[in-house]
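# Coordinates in review
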Amino acid sequence: MKNLVGSTAFAALIALACTGAWAAGTHAGGHGDAIGKPGVAAQATRTVHVDMTDNMRFNPSSINVKRGETVRLVVTNSGKLKHELVLGTEKELKEHYELMKKNPEMEHADPNMVTLEAGKTGEVVWQFTSAGKVDFACLQPGHYDAGMKGAVHIAR
Ligand SMILES: [Cu+2]
């Protein structure tokens, strides 16, 4: 019985980490809008093109925006591997990455991320509501460790 409870809790943790509950619980919940919130495309004031490569790099890896701006991130996977761009705090990204490593087949999709097969282009529309830094990373197993990360710097 104890084991059953344990594995159920673990499954719930994974579900929480990789569904809308993750974004809602972590971002809209306790910390307020720590990293911002899903943006409305029609209100985007800036479009930034980001390239993802099999060199495990984002290009650019540093993006500058102003507080309150809604940004349309147009993300292209120009590699042959699957890549993704996930926005979050460094802590959130690391936690999520560990779950991805344990469950590599796990599918996840949220407004703060886009996962792309080779050659595909997708978008994340995000409003950066607080000054400071929001990190982003590719959480495909091995990629984050290889340095596939970057940051959005938000000026006041
Ligand atoms: Cu990657």
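Residues numbered from 1 in each chain as written. Predicted model: local features only at pLDDT ≥ 70, side-chain atom pairs only at ≥ 80, totals over all residues. Heavy atoms only, no water.

## A closer look at the coordination of the copper ion
Heads up, the rule is: The donor set covers N, O and S atoms within 2.8 Å of the metal, switching to 3.2 Å for Na, K and Ca, and it leaves out water, so a site may look short of donors. Donor angles set the geometry label: tetrahedral for four donors if every angle is between 85 and 135 degrees, square planar for four and octahedral for six if opposite donors exceed 155 degrees and the others are between 65 and 115, irregular for anything else.
With distances of 2.0 to 2.6 Å, the protein atoms coordinating the copper ion are H83 (ND1), C138 (SG), H143 (ND1) and M148 (SD). With four donor atoms in place around the copper ion and angles of 94 to 134° between them, the coordination shape is tetrahedral. Of note, the copper ion draws all its donor residues from one chain, in the sequence arrangement H-x54-C-x4-H-x4-M.

## Topic: the sheet that holds strand β5 (residues 70–77)
In plain terms, the rule: Between any two strands, pairing holds if DSSP finds at least two bridges. What counts as a helix is a DSSP run of H or I of at least four residues, what counts as a strand is a run of E of at least two, and both are numbered from the N terminus.
Read from one edge of the open sheet, five strands run β1-β8-β5-β2-β3, paired in mixed fashion. Edge positions in the sheet fall to β1 (37–38) and β3 (57–59), since each has one partner strand and no second.

## What to know about the packing of aromatic side chains
For the record, the criterion: Only centres within 6.5 Å qualify two rings of Phe, Tyr or Trp (six-membered ring in Trp) as a pair; their planes then separate them into stacked at under 30 degrees, edge-to-face at over 60, and tilted for everything else. The rule is simple: take the accessible area with a 1.4 Å probe, protein chains only, and divide by the maximum for that residue type; under 20% is buried, over 50% is exposed, in between is partly exposed. Whether a charge sits over a ring comes down to the Lys NZ or Arg CZ being within 6 Å of the ring centre and within 35 degrees of the ring normal.
Going through the model one piece at a time under the given rule, you end up with two aromatic pairs. Consider the rings of F58 and F136, whose centres lie 5.0 Å apart with planes at 85°: the pair is edge-to-face. Placement of the pair is F58 in strand β3 and F136 in strand β9 (residues 132–137), with a sequence separation of 78 residues. Between Y97 and Y144 the ring centres are 5.1 Å apart and the planes differ by 65°, which places this aromatic pair in the edge-to-face class. Pair noted here: Y97 is in helix α3 (residues 90–102) and Y144 is in the loop between β9 and β10 (149–155), with a separation of 47 residues, a long-range link. Summarising the burial analysis for this pair, Y97 and Y144 share the class buried. Sitting above the plane of the Y144 ring, K149 keeps its charged end 4.5 Å from the centroid.

## A closer look at the nonpolar core
Threshold: Definition used in this section: a nonpolar core is a set of buried Ala, Val, Leu, Ile, Met, Phe, Trp, Tyr and Cys residues joined via side-chain atoms within 4.5 Å. Contact between two residues is taken to exist if any of their heavy atoms lie within 4.5 Å; hydrogens are not considered.
The biggest cluster of nonpolar side chains holds 24 residues, and the ones touching the most others in it are F58, I63, L73, L85, L87, F128 and V152. When contributions to this core are tallied by element, the ones reaching two or more residues are β2 (46–53), β4 (62–66), β5, β6 (83–88), β7 (113–116), β8 (121–127), β9 and β10. Setting aside anything within four residues of it in sequence, one finds F128 in contact with I35, V65, K66, R67, G68, E69, V71, L87, V134, V152 and I154. Formed by ten residues, the second largest nonpolar core is a distinct cluster that contains L99, A137, L139 and Y144.

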